[in-house]
Amino acid sequence: MNREGQEAAGQSKPPQLKKPEAMVFDMDGTLFQTESLLLPAYHKMFDVLREEGLYTAPTPPEERILGSLGMLLADIWKNVMPEADEQVHRRADELLLKLEIEGLEAGGTLLYPQVIETLTALKARGVRLFVASNGLEDYIHSIVVVHELKELFEGLYSAGGQGTATKTELLRILLDNHGISDAWMVGDRSSDVEAGKGNNQTVIGCAYAGFGRQDELKGSDVIITAFDELIGLYDNAE
């Protein structure tokens, strides 16, 4: 880990990590390059909302939606269009999911570099792999199917599928369901740090997406700047 990563995590030197039995991954900004799918769908969604007479203002800046990634959908819309009412927010849920799934099926979306290779190498080492995301169930499933990741994961957990209000709660359900006591929570947002620490697990912060605030990953045990650094971290862990 580089010096900037250590400083961001409040460390003087990298800690000695314990080998986990499982790794739990966030999706957006960790495995999946969200903006490759989200931004075209975001602009189309507002076009439809205007056509339907539900929204009359210009499309909010892209920075609002990108800065909201990792939140629950209900909180995203409060941030993106706080002036709109609940009916508009729920219609936005429906439209964005529909448009994102259409975008996934059309092709051209991207995982981060070395995601498939790294996950394959970790699975070959006996690590159990899971996804825990605040996204909708159909959205997470579609990404995994389109990018041919399904065989790598033992379970896909989403706030939409589990009906959880926080990622801490979502991770607790995942760990309990699969009898896991030692895991690494791998993600790019403060909610991932909170989820890992709230369940007494190791947190690996991902600093390559660039959506979050400067202090987004504060409290992580280690911060990585490329996904394939996970292999070295695992191999060097006790």
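In the block above lies the structure referred to throughout.
Residues numbered from 1 in each chain as written. Predicted model: local features only at pLDDT ≥ 70, side-chain atom pairs only at ≥ 80, totals over all residues. Heavy atoms only, no water.

A. The arrangement of the overall build of the protein in detail. For the protein, the count of helices and strands is eleven helices and six strands. In terms of C-alpha radius of gyration, the protein reaches 18 Å, essentially the compact-globule figure of 18 Å for 238 residues. Along the three orthogonal principal directions, the C-alpha set of the protein runs to about 60 × 35 × 30 Å. As displayed, the protein offers around 10900 Å² of accessible surface, 48% of which is attributable to carbon and sulfur atoms. (Helix = DSSP H or I, 4+ residues; strand = E, 2+ residues; numbered from the N terminus. Rg over C-alpha atoms; globule rule 2.2 N^0.38 Å. Areas by Shrake-Rupley, 256 points an atom, 1.4 Å probe, with all protein chains shown as cover.)

B. Structural context of the packing of helix α4 (residues 73–80) against helix α5 (residues 86–106). Between α4 and α5, the shortest axis-to-axis distance is 10 Å and the interhelical angle comes to 110°. Here α4 is positioned roughly perpendicular relative to α5, judged by the angle of their axes. Where α4 crosses over α5, the handedness of that crossing is right-handed. Every residue of α5 that contacts α4 at L73, A74, W77 and K78 is listed here: H89, R90, A92, D93 and L96. Here the contact of α4 with α5 is composed, by residue class, of five nonpolar, one polar and three charged. (Axes fitted to C-alpha atoms, helices over the stretch in contact; angles between N-to-C directions. Parallel < 35°, antiparallel > 145°, perpendicular 65-115°, else oblique. Left-handed = near helix turned anticlockwise from the far one by under 90°. Contact = heavy atoms within 4.5 Å. Nonpolar A, V, L, I, M, F, W, Y, C, P; charged D, E, K, R; others polar.)

C. Main features of the packing of aromatic side chains. In the structure shown here, the tally under the stated rule is five aromatic pairs. Geometrically, the ring pair formed by F25 and F227 is tilted, given 5.7 Å between the ring centres and 45° between the ring planes. Here F25 is found in strand β1 (residues 22–25), whereas its partner F227 is found in the loop between β6 (222–224) and α11 (229–236), with 202 residues between them in sequence. Taken together through their ring pairs, the aromatic side chains of F25, F153 and F227 make up a single cluster. (Phe/Tyr/Trp six-rings, centres within 6.5 Å; stacked < 30°, edge-to-face > 60°.)

D. Spotlight on the nonpolar core. Among the nonpolar cores identified, the biggest contains 61 residues, and F25, M45, W77, M81, L119, W184 and L230 are the most heavily contacted of them. Leave out the neighbours within four places in its chain, and L230 touches M23, F25, T118, L122, W184, V186, I204 and I224. Among the nonpolar cores identified, the runner-up in size contains 13 residues, and Y157, L171, L174 and A195 belong to it. (Core = buried A, V, L, I, M, F, W, Y, C linked by side-chain atoms within 4.5 Å. Buried < 20%, exposed > 50% of the residue type's maximum accessible area, 1.4 Å probe, protein only.)

E. Main features of the sheet that holds strand β5 (residues 202–206). Here we have six strands laid out as an open sheet, ordered β3-β2-β1-β4-β5-β6, and parallel in their pairing. Of all strands in the sheet, those with a lone pairing partner are β3 (155–158) and β6, marking the two edges. Taking each pair of neighbouring strands and ignoring which way they run, the sheet shows an average axis angle of 25°. Alignment of β1 against strand β4 (residues 183–187), held across four bridges, turns out to be parallel. Residue F25 lies in a different strand from β4, and its bridge partner there is V186. Sheet contacts for helix α9 (residues 167–178): β1, β2 (128–133), β3 and β4; angle to β2, the most-contacted strand, approximately 150°. (Pairing = 2+ DSSP bridges.)

F. View of helix α10 (residues 190–198). Regarding α10, the residues found buried are S191, D192, V193, A195 and G196. If you follow the buried residues of α10, they end up packed against α9, β4 and β5. N200 sits one or two residues past α10 and shows a positive phi near 60°.

G. Main features of the pattern of salt bridges. For the structure on display, the rule yields 13 salt bridges. A salt bridge links E154 to R128; the shortest N-O distance between them is 2.7 Å. Within this pair, whereas E154 is found in the loop between α7 (137–146) and β3, its partner R128 is found in strand β2, the two being separated by 26 residues in sequence. In this structure R128 comes out as partly exposed when scored by relative accessible area, which is 25%. Between D192 and K167 there is a salt bridge, and its shortest N-O distance comes to 2.7 Å. Placement of the pair is D192 in helix α10 and K167 in helix α9, with a sequence separation of 25 residues. The pair D192 / K167 is uniform in exposure class, with both members buried. (Salt bridge = Lys/Arg side-chain N within 4 Å of Asp/Glu carboxyl O.)

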